[in-house]
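The chain contents come next:
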Amino acid sequence: MARVVKVFRTLRNHWKKSTFAVFVLSYGGHWLYGKHCDNVLRREACIEAREFGRQLIGPQEQLKKATVILNPAACKGKANNLFEKNAAPILHLAGVEVKIVKTDYEGQAKKLMELMEQTDMLIIAGGDGTLQEVITGLLRRTDEEMFSKIPIGFIPLGSNNSLSQSLHLVSDNKVQHITSATLSILKGEMVPLDVLQIKGEKEPVFALLGLRWGAFRDVASSISKYWYLGPLKTRAAHWFSTLKEWPQIHQASISYLAPLPRPPDLPIEKPTRPNLLYRIYRRLQNYWNPPIEEPMKVPEPERWENKDISTVELSVSTHNKNPVKRRVDDSMLITLEPDSLTVGQFITEGTKKAVDSMQSIENALQIEASAAHLSLPKEGAGFYDIDNEEYEAMSVEVRLLPRKLRFYCSAQRREQLAEAH
(Lines give C-alpha, C1' and ligand atoms only; values in the text may rest on other atoms or scores of the structure.)
Protein backbone atom coordinates (compact mmCIF):
# COMPACT_ATOMS: atom_id res chain seq x y z
CA MET A 1 0.00 0.00 0.00
CA ALA A 2 2.84 2.36 0.78
CA ARG A 3 4.29 1.75 -2.67
CA VAL A 4 0.99 2.71 -4.33
CA VAL A 5 0.79 5.88 -2.26
CA LYS A 6 4.36 6.73 -3.24
CA VAL A 7 3.53 6.29 -6.95
CA PHE A 8 0.49 8.58 -6.73
CA ARG A 9 2.52 11.16 -4.81
CA THR A 10 5.20 11.10 -7.50
CA LEU A 11 2.59 11.55 -10.23
CA ARG A 12 1.07 14.47 -8.32
CA ASN A 13 4.42 16.17 -7.78
CA HIS A 14 5.32 15.77 -11.49
CA TRP A 15 1.88 16.35 -12.96
CA LYS A 16 3.16 17.99 -16.18
CA LYS A 17 5.36 15.05 -17.08
CA SER A 18 2.61 12.64 -16.06
CA THR A 19 0.06 14.38 -18.26
CA PHE A 20 2.44 14.34 -21.24
CA ALA A 21 3.21 10.64 -20.67
CA VAL A 22 -0.50 9.77 -20.53
CA PHE A 23 -1.10 11.69 -23.75
CA VAL A 24 1.80 9.94 -25.55
CA LEU A 25 0.75 6.49 -24.32
CA SER A 26 -2.88 7.10 -25.30
CA TYR A 27 -1.94 8.29 -28.76
CA GLY A 28 0.50 5.42 -29.23
CA GLY A 29 -2.06 2.87 -28.07
CA HIS A 30 -4.67 4.28 -30.45
CA TRP A 31 -2.15 4.23 -33.33
CA LEU A 32 -1.17 0.62 -32.63
CA TYR A 33 -4.81 -0.44 -32.38
CA GLY A 34 -5.49 1.20 -35.75
CA LYS A 35 -2.57 -0.67 -37.32
CA HIS A 36 -3.87 -3.92 -35.86
CA CYS A 37 -7.36 -3.30 -37.31
CA ASP A 38 -5.84 -2.54 -40.74
CA ASN A 39 -3.89 -5.82 -40.65
CA VAL A 40 -7.07 -7.71 -39.76
CA LEU A 41 -8.85 -6.14 -42.74
CA ARG A 42 -5.98 -7.08 -45.06
CA ARG A 43 -5.91 -10.65 -43.75
CA GLU A 44 -9.67 -11.11 -44.24
CA ALA A 45 -9.50 -9.71 -47.77
CA CYS A 46 -6.59 -12.01 -48.67
CA ILE A 47 -8.47 -15.06 -47.33
CA GLU A 48 -11.45 -14.14 -49.51
CA ALA A 49 -9.20 -13.57 -52.54
CA ARG A 50 -7.49 -16.94 -52.01
CA GLU A 51 -10.83 -18.67 -52.62
CA PHE A 52 -10.90 -17.18 -56.12
CA GLY A 53 -7.36 -18.43 -56.72
CA ARG A 54 -8.30 -21.99 -55.72
CA GLN A 55 -11.00 -22.28 -58.38
CA LEU A 56 -10.12 -24.81 -61.09
CA ILE A 57 -9.75 -23.72 -64.69
CA GLY A 58 -10.08 -25.88 -67.79
CA PRO A 59 -7.09 -27.12 -69.80
CA GLN A 60 -7.96 -24.75 -72.66
CA GLU A 61 -8.48 -21.72 -70.40
CA GLN A 62 -5.83 -19.16 -69.52
CA LEU A 63 -5.29 -16.99 -66.48
CA LYS A 64 -7.05 -13.66 -66.59
CA LYS A 65 -4.75 -10.81 -67.57
CA ALA A 66 -5.07 -7.44 -65.86
CA THR A 67 -3.30 -4.25 -66.90
CA VAL A 68 -2.91 -1.86 -63.97
CA ILE A 69 -2.26 1.84 -64.62
CA LEU A 70 -0.76 3.07 -61.34
CA ASN A 71 -0.03 6.69 -60.50
CA PRO A 72 2.63 6.62 -57.71
CA ALA A 73 2.27 10.39 -57.19
CA ALA A 74 -1.38 10.12 -56.12
CA CYS A 75 -2.29 10.74 -52.47
CA LYS A 76 0.83 12.92 -52.02
CA GLY A 77 3.18 10.15 -53.15
CA LYS A 78 1.66 7.39 -50.98
CA ALA A 79 -0.23 5.60 -53.77
CA ASN A 80 2.49 3.08 -54.62
CA ASN A 81 2.79 1.95 -50.99
CA LEU A 82 -1.01 1.77 -50.60
CA PHE A 83 -1.30 -0.38 -53.72
CA GLU A 84 1.52 -2.77 -52.78
CA LYS A 85 0.19 -3.33 -49.25
CA ASN A 86 -3.57 -3.45 -49.86
CA ALA A 87 -4.42 -4.26 -53.50
CA ALA A 88 -1.51 -6.17 -55.09
CA PRO A 89 -1.64 -9.19 -52.68
CA ILE A 90 -5.36 -9.62 -53.34
CA LEU A 91 -4.89 -9.68 -57.13
CA HIS A 92 -1.97 -12.15 -56.93
CA LEU A 93 -3.77 -14.51 -54.51
CA ALA A 94 -6.77 -14.56 -56.84
CA GLY A 95 -4.62 -15.98 -59.64
CA VAL A 96 -4.72 -12.90 -61.87
CA GLU A 97 -1.77 -12.25 -64.19
CA VAL A 98 -1.00 -8.64 -63.31
CA LYS A 99 0.96 -6.21 -65.48
CA ILE A 100 1.65 -2.96 -63.61
CA VAL A 101 2.41 0.19 -65.61
CA LYS A 102 3.49 3.18 -63.50
CA THR A 103 3.19 6.76 -64.73
CA ASP A 104 6.14 9.13 -64.29
CA TYR A 105 4.56 12.50 -65.07
CA GLU A 106 1.22 14.21 -65.58
CA GLY A 107 -0.40 13.33 -68.90
CA GLN A 108 1.63 10.16 -69.48
CA ALA A 109 -1.39 7.89 -68.91
CA LYS A 110 -3.00 9.25 -72.10
CA LYS A 111 0.08 8.26 -74.13
CA LEU A 112 0.34 4.85 -72.46
CA MET A 113 -3.23 4.03 -73.46
CA GLU A 114 -2.28 4.46 -77.13
CA LEU A 115 0.23 1.59 -76.71
CA MET A 116 -1.87 -0.71 -74.50
CA GLU A 117 -2.40 -4.22 -75.83
CA GLN A 118 -5.53 -6.32 -75.50
CA THR A 119 -6.25 -7.35 -71.92
CA ASP A 120 -9.05 -9.05 -69.98
CA MET A 121 -9.48 -6.14 -67.58
CA LEU A 122 -8.12 -2.64 -67.13
CA ILE A 123 -7.49 -1.47 -63.55
CA ILE A 124 -6.93 2.21 -62.77
CA ALA A 125 -5.12 2.79 -59.46
CA GLY A 126 -5.07 6.47 -58.56
CA GLY A 127 -7.45 9.39 -58.14
CA ASP A 128 -9.74 11.52 -60.30
CA GLY A 129 -6.87 12.82 -62.40
CA THR A 130 -5.52 9.37 -63.26
CA LEU A 131 -9.00 8.13 -64.07
CA GLN A 132 -9.74 11.04 -66.37
CA GLU A 133 -6.41 10.66 -68.20
CA VAL A 134 -6.85 6.92 -68.78
CA ILE A 135 -10.43 7.29 -70.03
CA THR A 136 -9.39 10.10 -72.39
CA GLY A 137 -6.46 8.09 -73.77
CA LEU A 138 -8.63 4.99 -74.17
CA LEU A 139 -11.40 6.76 -76.11
CA ARG A 140 -8.97 8.66 -78.33
CA ARG A 141 -7.72 5.40 -79.84
CA THR A 142 -8.68 4.64 -83.43
CA ASP A 143 -9.89 1.21 -82.30
CA GLU A 144 -11.75 2.57 -79.26
CA GLU A 145 -14.91 0.70 -80.27
CA MET A 146 -13.19 -2.58 -79.39
CA PHE A 147 -11.16 -1.38 -76.39
CA SER A 148 -14.11 0.43 -74.78
CA LYS A 149 -15.69 -3.00 -74.20
CA ILE A 150 -12.89 -4.00 -71.79
CA PRO A 151 -14.24 -4.02 -68.20
CA ILE A 152 -12.60 -1.37 -66.02
CA GLY A 153 -11.82 -1.48 -62.33
CA PHE A 154 -11.10 1.59 -60.21
CA ILE A 155 -8.95 1.32 -57.06
CA PRO A 156 -9.26 4.64 -55.17
CA LEU A 157 -5.75 5.75 -54.17
CA GLY A 158 -5.96 9.50 -54.76
CA SER A 159 -6.82 12.46 -52.60
CA ASN A 160 -10.04 12.90 -54.62
CA ASN A 161 -11.93 9.73 -55.58
CA SER A 162 -15.32 11.12 -56.60
CA LEU A 163 -16.42 8.19 -58.76
CA SER A 164 -15.67 5.70 -55.99
CA GLN A 165 -18.88 6.69 -54.17
CA SER A 166 -20.88 5.35 -57.14
CA LEU A 167 -18.98 2.05 -57.35
CA HIS A 168 -17.81 1.03 -53.88
CA LEU A 169 -19.00 1.03 -50.30
CA VAL A 170 -18.31 4.37 -48.65
CA SER A 171 -15.81 4.05 -45.79
CA ASP A 172 -13.60 6.42 -43.80
CA ASN A 173 -11.03 3.64 -43.42
CA LYS A 174 -8.58 3.88 -46.34
CA VAL A 175 -7.53 0.22 -46.11
CA GLN A 176 -11.11 -1.03 -46.07
CA HIS A 177 -11.98 1.21 -49.01
CA ILE A 178 -9.09 -0.10 -51.13
CA THR A 179 -9.51 -3.81 -50.25
CA SER A 180 -13.27 -3.79 -50.87
CA ALA A 181 -12.73 -2.02 -54.22
CA THR A 182 -10.16 -4.65 -55.25
CA LEU A 183 -12.43 -7.54 -54.19
CA SER A 184 -15.29 -6.09 -56.23
CA ILE A 185 -13.11 -6.48 -59.34
CA LEU A 186 -12.69 -10.19 -58.62
CA LYS A 187 -16.42 -10.71 -58.01
CA GLY A 188 -17.23 -9.43 -61.50
CA GLU A 189 -20.32 -7.29 -60.78
CA MET A 190 -20.45 -4.50 -63.39
CA VAL A 191 -22.41 -1.35 -64.13
CA PRO A 192 -22.45 0.74 -67.37
CA LEU A 193 -21.42 4.39 -67.08
CA ASP A 194 -22.09 7.37 -69.34
CA VAL A 195 -19.23 9.44 -70.74
CA LEU A 196 -19.11 13.10 -71.78
CA GLN A 197 -17.14 13.90 -74.93
CA ILE A 198 -15.85 17.49 -74.73
CA LYS A 199 -14.53 18.89 -78.01
CA GLY A 200 -12.74 22.21 -78.31
CA GLU A 201 -9.97 23.47 -80.55
CA LYS A 202 -7.67 20.64 -79.48
CA GLU A 203 -8.18 16.88 -79.15
CA PRO A 204 -11.36 15.79 -77.34
CA VAL A 205 -11.37 15.23 -73.59
CA PHE A 206 -13.63 12.67 -71.94
CA ALA A 207 -15.26 12.89 -68.52
CA LEU A 208 -17.21 10.51 -66.30
CA LEU A 209 -18.53 13.10 -63.83
CA GLY A 210 -18.84 16.45 -65.52
CA LEU A 211 -17.62 19.94 -66.39
CA ARG A 212 -17.73 23.06 -64.16
CA TRP A 213 -17.22 26.69 -65.09
CA GLY A 214 -17.84 29.65 -62.83
CA ALA A 215 -17.23 31.43 -59.55
CA PHE A 216 -17.61 28.46 -57.20
CA ARG A 217 -15.03 26.52 -59.21
CA ASP A 218 -12.59 29.44 -59.16
CA VAL A 219 -12.87 29.81 -55.38
CA ALA A 220 -12.55 26.04 -54.80
CA SER A 221 -9.18 26.07 -56.57
CA SER A 222 -7.86 28.69 -54.10
CA ILE A 223 -9.07 27.16 -50.82
CA SER A 224 -5.76 25.39 -50.15
CA LYS A 225 -4.00 28.79 -49.95
CA TYR A 226 -5.80 29.51 -46.69
CA TRP A 227 -4.67 26.33 -44.93
CA TYR A 228 -3.56 28.34 -41.89
CA LEU A 229 -7.22 29.15 -41.08
CA GLY A 230 -8.02 25.48 -40.43
CA PRO A 231 -11.74 24.62 -40.60
CA LEU A 232 -12.58 28.23 -41.55
CA LYS A 233 -10.50 28.18 -44.75
CA THR A 234 -13.45 27.33 -47.05
CA ARG A 235 -15.68 30.14 -45.82
CA ALA A 236 -12.73 32.53 -45.75
CA ALA A 237 -11.82 31.76 -49.37
CA HIS A 238 -15.37 32.58 -50.52
CA TRP A 239 -15.51 35.75 -48.42
CA PHE A 240 -12.13 37.05 -49.69
CA SER A 241 -13.31 36.30 -53.22
CA THR A 242 -16.33 38.57 -52.78
CA LEU A 243 -14.06 41.35 -51.54
CA LYS A 244 -11.99 41.19 -54.73
CA GLU A 245 -14.97 41.13 -57.12
CA TRP A 246 -18.73 41.25 -56.71
CA PRO A 247 -21.04 40.25 -58.29
CA GLN A 248 -19.23 37.31 -59.86
CA ILE A 249 -21.44 36.69 -62.87
CA HIS A 250 -20.41 34.66 -65.93
CA GLN A 251 -22.12 35.29 -69.26
CA ALA A 252 -22.16 33.00 -72.28
CA SER A 253 -24.52 31.44 -74.80
CA ILE A 254 -25.56 27.83 -74.99
CA SER A 255 -27.44 25.70 -77.50
CA TYR A 256 -28.59 22.18 -76.71
CA LEU A 257 -30.44 19.14 -78.06
CA ALA A 258 -33.30 17.42 -76.30
CA PRO A 259 -32.66 14.04 -74.59
CA LEU A 260 -32.84 10.87 -76.67
CA PRO A 261 -35.22 8.01 -75.79
CA ARG A 262 -33.32 5.22 -74.09
CA PRO A 263 -33.40 1.95 -76.08
CA PRO A 264 -34.57 -1.17 -74.22
CA ASP A 265 -31.87 -3.19 -72.53
CA LEU A 266 -30.75 -6.29 -74.40
CA PRO A 267 -31.58 -9.62 -72.75
CA ILE A 268 -28.71 -11.03 -70.71
CA GLU A 269 -29.28 -14.62 -71.87
CA LYS A 270 -29.28 -15.45 -75.58
CA PRO A 271 -32.51 -17.05 -76.84
CA THR A 272 -32.29 -20.75 -77.63
CA ARG A 273 -31.81 -21.62 -81.28
CA PRO A 274 -34.94 -23.02 -83.03
CA ASN A 275 -34.89 -26.62 -84.23
CA LEU A 276 -33.77 -27.58 -87.77
CA LEU A 277 -37.26 -28.06 -89.29
CA TYR A 278 -38.40 -24.64 -88.15
CA ARG A 279 -35.27 -22.98 -89.57
CA ILE A 280 -35.82 -24.72 -92.96
CA TYR A 281 -39.46 -23.63 -92.97
CA ARG A 282 -38.48 -19.99 -92.27
CA ARG A 283 -35.91 -19.97 -95.08
CA LEU A 284 -38.40 -21.37 -97.61
CA GLN A 285 -40.98 -18.84 -96.51
CA ASN A 286 -38.52 -15.96 -96.95
CA TYR A 287 -37.58 -17.36 -100.37
CA TRP A 288 -41.16 -17.57 -101.73
CA ASN A 289 -42.44 -14.51 -99.88
CA PRO A 290 -39.47 -12.20 -99.39
CA PRO A 291 -40.05 -9.40 -96.86
CA ILE A 292 -40.86 -6.02 -98.35
CA GLU A 293 -38.00 -3.59 -97.94
CA GLU A 294 -39.08 -0.43 -96.19
CA PRO A 295 -38.06 2.86 -97.83
CA MET A 296 -35.06 4.48 -96.25
CA LYS A 297 -36.08 7.14 -93.75
CA VAL A 298 -34.55 10.57 -94.12
CA PRO A 299 -33.14 11.59 -90.73
CA GLU A 300 -34.81 14.62 -89.22
CA PRO A 301 -32.61 17.68 -88.78
CA GLU A 302 -31.35 18.27 -85.27
CA ARG A 303 -33.40 20.84 -83.38
CA TRP A 304 -31.06 23.00 -81.36
CA GLU A 305 -32.45 25.38 -78.75
CA ASN A 306 -30.45 28.53 -78.10
CA LYS A 307 -30.18 30.40 -74.82
CA ASP A 308 -28.11 33.34 -73.55
CA ILE A 309 -27.10 32.71 -69.97
CA SER A 310 -26.02 34.82 -66.99
CA THR A 311 -25.00 32.62 -64.08
CA VAL A 312 -22.72 32.31 -61.07
CA GLU A 313 -21.70 28.86 -62.27
CA LEU A 314 -22.51 26.45 -65.09
CA SER A 315 -22.07 22.71 -64.84
CA VAL A 316 -22.68 19.83 -67.23
CA SER A 317 -22.83 16.47 -65.47
CA THR A 318 -23.65 12.84 -66.13
CA HIS A 319 -26.05 10.72 -64.08
CA ASN A 320 -23.18 8.47 -62.95
CA LYS A 321 -23.73 9.55 -59.36
CA ASN A 322 -26.41 6.86 -59.32
CA PRO A 323 -25.79 4.64 -62.37
CA VAL A 324 -28.30 2.02 -61.19
CA LYS A 325 -31.36 4.29 -61.42
CA ARG A 326 -33.69 3.43 -64.29
CA ARG A 327 -34.26 6.30 -66.75
CA VAL A 328 -36.57 6.78 -69.71
CA ASP A 329 -34.16 9.04 -71.65
CA ASP A 330 -30.42 9.15 -72.20
CA SER A 331 -29.39 12.60 -71.06
CA MET A 332 -26.84 14.79 -69.33
CA LEU A 333 -27.77 17.52 -66.88
CA ILE A 334 -26.99 21.20 -67.54
CA THR A 335 -27.23 23.26 -64.34
CA LEU A 336 -27.27 27.07 -64.27
CA GLU A 337 -26.87 28.55 -60.79
CA PRO A 338 -28.87 31.79 -60.21
CA ASP A 339 -27.02 35.10 -60.62
CA SER A 340 -29.05 36.83 -57.89
CA LEU A 341 -27.22 35.42 -54.85
CA THR A 342 -26.32 37.64 -51.92
CA VAL A 343 -22.83 37.54 -50.41
CA GLY A 344 -24.07 35.41 -47.51
CA GLN A 345 -25.78 32.93 -49.87
CA PHE A 346 -22.65 32.77 -52.01
CA ILE A 347 -20.50 31.85 -48.99
CA THR A 348 -23.02 29.31 -47.64
CA GLU A 349 -23.69 27.58 -50.95
CA GLY A 350 -20.02 27.64 -51.92
CA THR A 351 -19.12 25.89 -48.66
CA LYS A 352 -21.62 23.13 -49.50
CA LYS A 353 -20.24 22.80 -53.03
CA ALA A 354 -16.72 22.41 -51.67
CA VAL A 355 -17.94 19.08 -50.23
CA ASP A 356 -20.05 18.01 -53.24
CA SER A 357 -19.10 19.95 -56.37
CA MET A 358 -22.13 18.74 -58.37
CA GLN A 359 -24.69 19.69 -55.73
CA SER A 360 -26.97 22.40 -57.15
CA ILE A 361 -28.59 25.37 -55.43
CA GLU A 362 -32.33 25.13 -54.75
CA ASN A 363 -33.32 27.76 -57.36
CA ALA A 364 -30.91 26.54 -60.03
CA LEU A 365 -32.19 26.03 -63.58
CA GLN A 366 -31.66 22.45 -64.77
CA ILE A 367 -31.88 21.31 -68.40
CA GLU A 368 -31.82 17.73 -69.65
CA ALA A 369 -29.95 17.43 -72.95
CA SER A 370 -28.11 14.94 -75.15
CA ALA A 371 -25.60 17.46 -76.57
CA ALA A 372 -24.70 21.11 -76.05
CA HIS A 373 -22.61 23.87 -77.61
CA LEU A 374 -21.14 26.31 -75.09
CA SER A 375 -19.89 29.61 -76.51
CA LEU A 376 -17.67 31.64 -74.19
CA PRO A 377 -16.06 35.07 -74.57
CA LYS A 378 -12.63 34.81 -76.17
CA GLU A 379 -10.87 36.67 -73.35
CA GLY A 380 -11.17 36.28 -69.61
CA ALA A 381 -13.11 33.01 -69.73
CA GLY A 382 -11.04 31.49 -66.92
CA PHE A 383 -10.77 27.74 -66.46
CA TYR A 384 -12.91 24.61 -66.52
CA ASP A 385 -12.89 21.75 -64.06
CA ILE A 386 -13.31 18.49 -65.97
CA ASP A 387 -13.55 15.63 -63.48
CA ASN A 388 -11.70 17.86 -60.96
CA GLU A 389 -8.86 18.52 -63.43
CA GLU A 390 -8.15 22.09 -64.57
CA TYR A 391 -8.38 23.02 -68.28
CA GLU A 392 -8.34 26.37 -70.05
CA ALA A 393 -11.91 27.51 -70.72
CA MET A 394 -12.94 27.88 -74.35
CA SER A 395 -15.97 27.34 -76.55
CA VAL A 396 -16.72 23.60 -76.62
CA GLU A 397 -19.20 21.00 -77.76
CA VAL A 398 -20.29 18.52 -75.08
CA ARG A 399 -21.93 15.31 -76.28
CA LEU A 400 -23.24 12.40 -74.26
CA LEU A 401 -21.98 8.87 -74.97
CA PRO A 402 -24.58 6.77 -73.11
CA ARG A 403 -23.41 3.60 -71.31
CA LYS A 404 -20.08 3.79 -73.12
CA LEU A 405 -17.90 2.02 -70.52
CA ARG A 406 -18.41 -0.83 -68.04
CA PHE A 407 -16.98 -0.54 -64.54
CA TYR A 408 -16.68 -3.13 -61.79
CA CYS A 409 -18.79 -2.23 -58.78
CA SER A 410 -19.66 -3.57 -55.35
CA ALA A 411 -22.88 -5.60 -55.19
CA GLN A 412 -23.69 -4.06 -51.78
CA ARG A 413 -23.21 -0.53 -53.09
CA ARG A 414 -25.37 -1.33 -56.10
CA GLU A 415 -28.18 -2.45 -53.80
CA GLN A 416 -27.86 0.72 -51.72
CA LEU A 417 -28.13 2.93 -54.81
CA ALA A 418 -31.10 0.90 -56.10
CA GLU A 419 -32.93 1.45 -52.81
CA ALA A 420 -32.06 5.16 -52.82
CA HIS A 421 -34.56 5.97 -55.58
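This section reports on the structure supplied with the text. (Residues numbered from 1 in each chain as written. Predicted model: local features only at pLDDT ≥ 70, side-chain atom pairs only at ≥ 80, totals over all residues. Heavy atoms only, no water.)

## Looking at the sheet that holds strand β11 (residues 313-317)
One open sheet accounts for six strands, arranged β14-β13-β11-β7-β16-β17; its pairing is antiparallel. At either end of the open sheet lies a strand with only one pairing partner, and these are β14 (365-369) and β17 (389-392). Each adjacent strand pair in this sheet contributes to an overall mean axis angle of 20 degrees, direction not counted. The pairing of strand β13 (residues 332-336) with β14 spans five bridges and is classified as antiparallel. The residue bridging L336 from the neighbouring strand is L365, located in β14. (Pairing = 2+ DSSP bridges. Helix = DSSP H or I, 4+ residues; strand = E, 2+ residues; numbered from the N terminus. Axes fitted to C-alpha atoms, helices over the stretch in contact; angles between N-to-C directions.)

## Some thoughts on the side chain of H177
Relative to the elements of secondary structure, H177 occurs in helix α9 (residues 174-187). When sequence neighbours within four positions are dropped, the list of residues in contact with H177 reads P156, S164, H168, L169 and S171. (Contact = heavy atoms within 4.5 Å.)

## Focus on unusual backbone geometry
In the segment running from W246 into P247, the intervening peptide bond is cis, with an omega of 0 degrees. Mapping P247 onto the fold places it in the loop between α11 (233-244) and β8 (250-257). Phi at D387 takes a positive value of approximately 50 degrees, unusual for a residue other than glycine. Counting through the fold element by element, D387 comes out in the loop between β16 (383-386) and β17. The backbone of R403 shows a phi angle near 50 degrees, a positive value even though the residue is not glycine. Mapped onto the elements, R403 comes out in strand β18 (residues 396-408).

## Digging into the packing of helix α5 (residues 108-115) against helix α6 (residues 128-139)
Each pair of packed helices can be described by the angle between their axes along with the distance between the axes. The N-to-C vectors of α5 and α6 enclose an angle of 35 degrees; their axes lie 7 Å apart at closest approach. As for the relative orientation of α5 and α6, their crossing is right-handed in sense. Residues Q108, A109, K110 and M113 of α5 touch α6, and the partners they reach there are E133, V134, T136, G137 and L138. A class-by-class count of the residues in the contact of α5 with α6 yields four nonpolar, three polar and two charged. (Left-handed = near helix turned anticlockwise from the far one by under 90°. Nonpolar A, V, L, I, M, F, W, Y, C, P; charged D, E, K, R; others polar.)

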